[in-house]
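Given next are the chains, with one letter for each unit.
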Amino acid sequence: MGGIRAIPLPVHAAIETVAGPAIMAAPLLLGFGQTAGVFAFAIGALLLGLAVQTVGPRRTIPLSAHAGFDYLLAAAAAIGGLVIGLATGEWGSAIFLVGVGVAQVVLTASTRFSVPIGA
């Protein structure tokens, strides 16, 4: 059974633009420890950076590379969450970060990484 890439690229970018700051704010709102907080902030900042340059004619990262970076960021979030949980016992922040990774994989796998010619 093949997957359907139903999410247009601009919607993908909009979701990431909202998710990045939310991930950066999560440590403050959810009481993460220092290690998890710094890591979550870094993941959110990288996600926001990818999102803001996704659409428009001044794109600096090719769309094929963007998808790869999204998957890499998802893996980093999930693996980092597991490492933080094992190392610090902060399982709440670990679950959050693994969830971020899973959500990023689902978003990326569901996105059509194409734009109309001239866009």
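One can find the structure itself at the top, above this paragraph.
The text that follows walks through the structure, step by step, so that each part is easy to find. From a predicted model like this one, the values you see are computed outputs, not experimental measurements.

## So, the overall build of the chain
Link 1 in the chain: Of regular secondary structure, the chain possesses four helices and zero strands.
Link 2 in the chain: Its helices and strands in sequence order give the chain the pattern α-α-α-α, from N to C terminus.
Link 3 in the chain: Taking 119 residues into account, the globule formula puts the C-alpha radius of gyration at 14 Å, and the chain, at 15 Å, falls close to it.
Link 4 in the chain: Across the 119 residues in the chain, those meeting the buried criterion constitute 36%.
Link 5 in the chain: As presented, the chain carries roughly 6,600 Å² of accessible surface, and 75% of it is formed by carbon and sulfur atoms.

## Describing helix α2 (residues 34–52)
Link 1 in the chain: Relative to the 27 Å expected for 19 residues at 1.5 Å per residue, α2 spans 27 Å between its end C-alpha atoms, a close match to the ideal helical length.
Link 2 in the chain: Those residues of α2 that are buried lie in contact with α1 (9–30), α3 (63–88) and α4 (91–109).

## Here we look at empty space enclosed by the protein
Link 1 in the chain: In total, this model carries one cavity of 30 Å³ or more according to the counting rule given.
Link 2 in the chain: Considered as a void within the structure, the largest cavity measures approximately 30 Å³ in volume.
Link 3 in the chain: I43, L47, L73, A74, A77, V100 and Q104 are the residues that line the largest cavity.
Link 4 in the chain: Those elements giving two or more residues to the lining of the largest cavity turn out to be α2, α3 and α4.
Link 5 in the chain: The dominant element in the lining of the largest cavity, judged by the number of residues it contributes, is α3, at three residues.
Link 6 in the chain: When the residues that make up the lining of the largest cavity are grouped by side-chain class, the tally is six nonpolar, one polar and no charged.

## Details of α3
Link 1 in the chain: The end-to-end C-alpha separation of α3 is 36 Å, in line with the 38 Å expected for 26 residues at 1.5 Å each.
Link 2 in the chain: Residues of α3 that are buried: L63, H66, A67, D70, L73, A74, A77, A78, G80, G81, I84 and G85.
Link 3 in the chain: The inward-facing, buried residues of α3 abut α1, α2 and α4.

Rules used throughout
- Residues numbered from 1 in each chain as written.
- Predicted model: local features only at pLDDT ≥ 70, side-chain atom pairs only at ≥ 80, totals over all residues.
- Heavy atoms only, no water.
- Helix = DSSP H or I, 4+ residues; strand = E, 2+ residues; numbered from the N terminus.
- Rg over C-alpha atoms; globule rule 2.2 N^0.38 Å.
- Buried < 20%, exposed > 50% of the residue type's maximum accessible area, 1.4 Å probe, protein only.
- Areas by Shrake-Rupley, 256 points an atom, 1.4 Å probe, with all protein chains shown as cover.
- Expected span 1.5 Å × (residues − 1).
- Contact = heavy atoms within 4.5 Å.
- 1 Å grid on protein atoms, 1.4 Å probe; cavity = no way out; pocket = protein on both sides within 12 Å on 5 of 7 lines; lining within 4 Å.
- Points joined across faces, edges and corners; volume = space filled by probe spheres on them.
- Nonpolar A, V, L, I, M, F, W, Y, C, P; charged D, E, K, R; others polar.

Structural measurements only, silent on function.
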